[in-house]
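As a plain string of letters, each chain reads:
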Amino acid sequence: MSDDVCVITGGGSGIGRATAALMGERGYRIVLAGRTPAKLADTVADLRDDGVAAEAVAGDVSDRDAMLRLAELAANRGRVTAVIHAAGLSPHMGDPATIMAVNALGTLHVNDAFYPVMDSGCVIDTSSMSAYLAPRLLMPTGSYPLSRTDPERFRRRMMGRVRLFPRRVQTGVAYAISKHFVLWCARTDAARFGARGVRVLSITPSTFATPMGEIESGETADYLARNAIKRAGRPEEIAFLYASVADDQMGYLTGTDILCDGGCVAAGGSLVRA
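Residues numbered from 1 in each chain as written. Predicted model: local features only at pLDDT ≥ 70, side-chain atom pairs only at ≥ 80, totals over all residues. Heavy atoms only, no water.

Novice: Where do I start with the overall build of the chain in this structure?
Specialist: Along the chain, the regular secondary structure elements total 11 helices and seven strands. Here the C-alpha radius of gyration of the chain, 17 Å, is about what a compact globule of 274 residues would show, namely 19 Å. Counting only residues that meet the buried cut, the chain has 50% of its 274 residues in that class. Total accessible area computed for the chain in this model is approximately 12,000 Å², and 52% of it derives from carbon and sulfur atoms. (Helix = DSSP H or I, 4+ residues; strand = E, 2+ residues; numbered from the N terminus. Rg over C-alpha atoms; globule rule 2.2 N^0.38 Å. Buried < 20%, exposed > 50% of the residue type's maximum accessible area, 1.4 Å probe, protein only. Areas by Shrake-Rupley, 256 points an atom, 1.4 Å probe, with all protein chains shown as cover.)

Novice: Is there a simple way to explain the packing of aromatic side chains in this structure?
Specialist: How two aromatic rings sit relative to each other is given by the distance of their centres and the angle of their planes. Under the definition given, this model contains five aromatic pairs. With 5.1 Å between their ring centres and 80° between their planes, tyrosine 115 and phenylalanine 193 make a pair best called edge-to-face. Placement of tyrosine 115 in the loop between helix H4 (96–114) and strand S5 (122–126) and of phenylalanine 193 in helix H8 (residues 170–194) is noted, with a sequence separation of 78 residues between them. Put simply, the rings of Tyr144, Phe154, Phe181 and Trp184 touch in pairs and so form one group of aromatic residues. Positioned above the aromatic ring of tyrosine 115, the side-chain terminus of arginine 196 is 5.2 Å from the ring centre. (Phe/Tyr/Trp six-rings, centres within 6.5 Å; stacked < 30°, edge-to-face > 60°. Lys NZ or Arg CZ within 6 Å of the ring centre and 35° of its normal.)

Novice: Just checking my understanding: could you explain the packing of helix H1 (residues 14–25) against helix H2 (residues 37–49) for this structure?
Specialist: Packed helices, taken two at a time, are described by the angle between their axes plus the distance between the axes. Packing of H1 against H2 leaves a shortest axis separation of 10 Å and a crossing angle of 20°. One element, H1, and the other, H2, form an angle in the roughly parallel class. Here the hand of the crossing between H1 and H2 comes out right-handed. Contact residues: Arg17, Ala20 and Ala21 in H1; Asp42, Thr43, Asp46 and Leu47 in H2. For the contact of H1 with H2, the per-class residue count stands at three nonpolar, one polar and three charged. (Axes fitted to C-alpha atoms, helices over the stretch in contact; angles between N-to-C directions. Parallel < 35°, antiparallel > 145°, perpendicular 65-115°, else oblique. Left-handed = near helix turned anticlockwise from the far one by under 90°. Contact = heavy atoms within 4.5 Å. Nonpolar A, V, L, I, M, F, W, Y, C, P; charged D, E, K, R; others polar.)

Novice: Sorry, what's going on with the pattern of salt bridges here?
Specialist: It is possible for side chains bearing opposite charge to pair when their charged atoms get close. Tallied over the full model, the rule gives 13 salt bridges. The partner of glutamate 152 in a salt bridge is arginine 156, and the shortest N-O contact between them spans 3.8 Å. Taken together, the residues span about one helical turn, with glutamate 152 and arginine 156 both in helix H7 (residues 151–162) at a distance of four residues. Classification of glutamate 152 as partly exposed rests on a relative accessible area of 38%. For arginine 156, a relative accessible area of 47% gives the class partly exposed. (Salt bridge = Lys/Arg side-chain N within 4 Å of Asp/Glu carboxyl O.)

Novice: Sorry if this is basic, but what is going on with the environment of proline 96 here?
Specialist: Note on placement: proline 96 falls in helix H4. The spatial distance from the C-alpha of proline 96 to the C-alpha of threonine 141 is 18 Å, given a sequence separation of 45 residues. Discounting residues that sit within four places of it in the chain, proline 96 has contacts with Met159, Val162, Gln170, Thr171 and Ala174.

Novice: Please clarify how the nonpolar core should be interpreted in this entry.
Specialist: Nonpolar side chains tend toward joint burial in soluble globular proteins. In this structure, Val7, Phe114 and Ile177 are the most contacted members of the largest nonpolar core, which totals 46 residues. The element best represented in this core is H8, accounting for 10 residues. Those residues within four positions of phenylalanine 114 in sequence are excluded, and the remaining contacts are Val7, Leu70, Ala71, Ala74, Val80 and Val83. One finds Cys6, Ile124, Ile238 and Val245 within the second-largest nonpolar core, a separate group that totals 29 residues. (Core = buried A, V, L, I, M, F, W, Y, C linked by side-chain atoms within 4.5 Å.)

Novice: When you look at helix H3 (residues 64–77) in this model, what are you seeing that I'm missing?
Specialist: Within an α-helix, residues lying three or four positions from one another point in the same direction, as the helix has 3.6 residues per turn. Look at H3: 21 Å from first C-alpha to last across 14 residues, which is about the 20 Å you get at 1.5 Å a residue. In the core, the buried residues of H3 are packed alongside strand S1 (4–9), strand S2 (29–34), strand S3 (54–58), strand S4 (79–85) and H4. Taken from the residues just after H3, glycine 78 is the one with a positive phi, measuring 155°. (Expected span 1.5 Å × (residues − 1).)

Novice: Looking at this structure, how should I read the sheet that holds S5?
Specialist: Across a sheet, strands are paired by hydrogen bonds formed along the backbone, either parallel or antiparallel in direction. Ordered by their spatial adjacency, seven strands build an open sheet running S3-S2-S1-S4-S5-S6-S7, and the pairing between neighbours is parallel. In the strand order of this sheet, the two ends are held by S3 and strand S7 (257–260), each with one partner. Averaged over all pairs of adjacent strands, the angle between strand axes in this sheet comes to 20°, irrespective of strand direction. With four bridges connecting them, strand S6 (residues 199–205) and S7 associate as parallel partners. Note that in S7 the partner of threonine 204 across the bridge is leucine 259. (Pairing = 2+ DSSP bridges.)

Novice: What is the right way to look at the environment of glycine 142 in this model?
Specialist: Mapping glycine 142 onto the fold places it in the loop between helix H5 (130–133) and helix H6 (146–149). Judged by its relative accessible area of 68%, glycine 142 is exposed. When the C-alpha positions of glycine 142 and arginine 157 are compared, they lie 10.0 Å apart, and in sequence the two are 15 residues distant.

Novice: What exactly am I supposed to notice about the packing of H7 against H8 here?
Specialist: Interaxial distance between H7 and H8 falls to 9 Å at its minimum, and their mutual angle equals 135°. Judged by the angle between their axes, H7 and H8 are oblique. Crossing angle aside, the handedness with which H7 passes H8 is right-handed. Residues Phe154, Met158, Arg161 and Val162 of H7 touch H8, and the partners they reach there are Gln170, Val173, Ala174, Ile177 and Phe181. When grouped by side-chain class, the residues that make up the contact of H7 with H8 number seven nonpolar, one polar and one charged.

Now the structure itself:
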């Protein structure tokens, strides 16, 4: 076991849990964060059974102070060299305002909290295939920089765009915008983190065989039918991608997004068609 610490938000289940297991195998001390203490405790127990130094903190990424406390705790456990921000809400898991707060502002909170405690390694944010499949005109990209200067005004601008659409699709619109913002956030954070010797990028999953994937199964059938690989991804497959990107041997990779979608975007998937 090294002194390197890997922090994983959303680590209690699904992709976050699979990634925690793999990063633990690679010698990291694991610090998990999430909203459901029971899931976190179960994951920590499994990791410890495998000889991994692991602990968990209950906290919501939309709470800036909670993320600052998480970063402080992690820094007290060793050298934070990997932050995998996998927490997020799907359109079935909250109202539009909550989805925007967790997915968009939550990403900003995680990145900002870990900026001062890292001097090497990698931060990996998590987007969604929706960011690629939604019409580009939907995205209020001109307002994204407000997130760093006036978060409340940013939130109002994002929700103003969401409210232009019929109520029945507003959760989906909020989700697509919030995940498109993640791409922007990771890309534009690369320069400031790079000055500290830290890489920042994002990974974009599509449909994976996780609890969240099961909730969305009714909506994802059309995408899977169009995939080049006609099945849902396995959590261990994308966990390997996260672990590989976090590895020091990938030290020149930053400021970009990696799409892991079974070929759906390449095959012409579309939120409008779905």
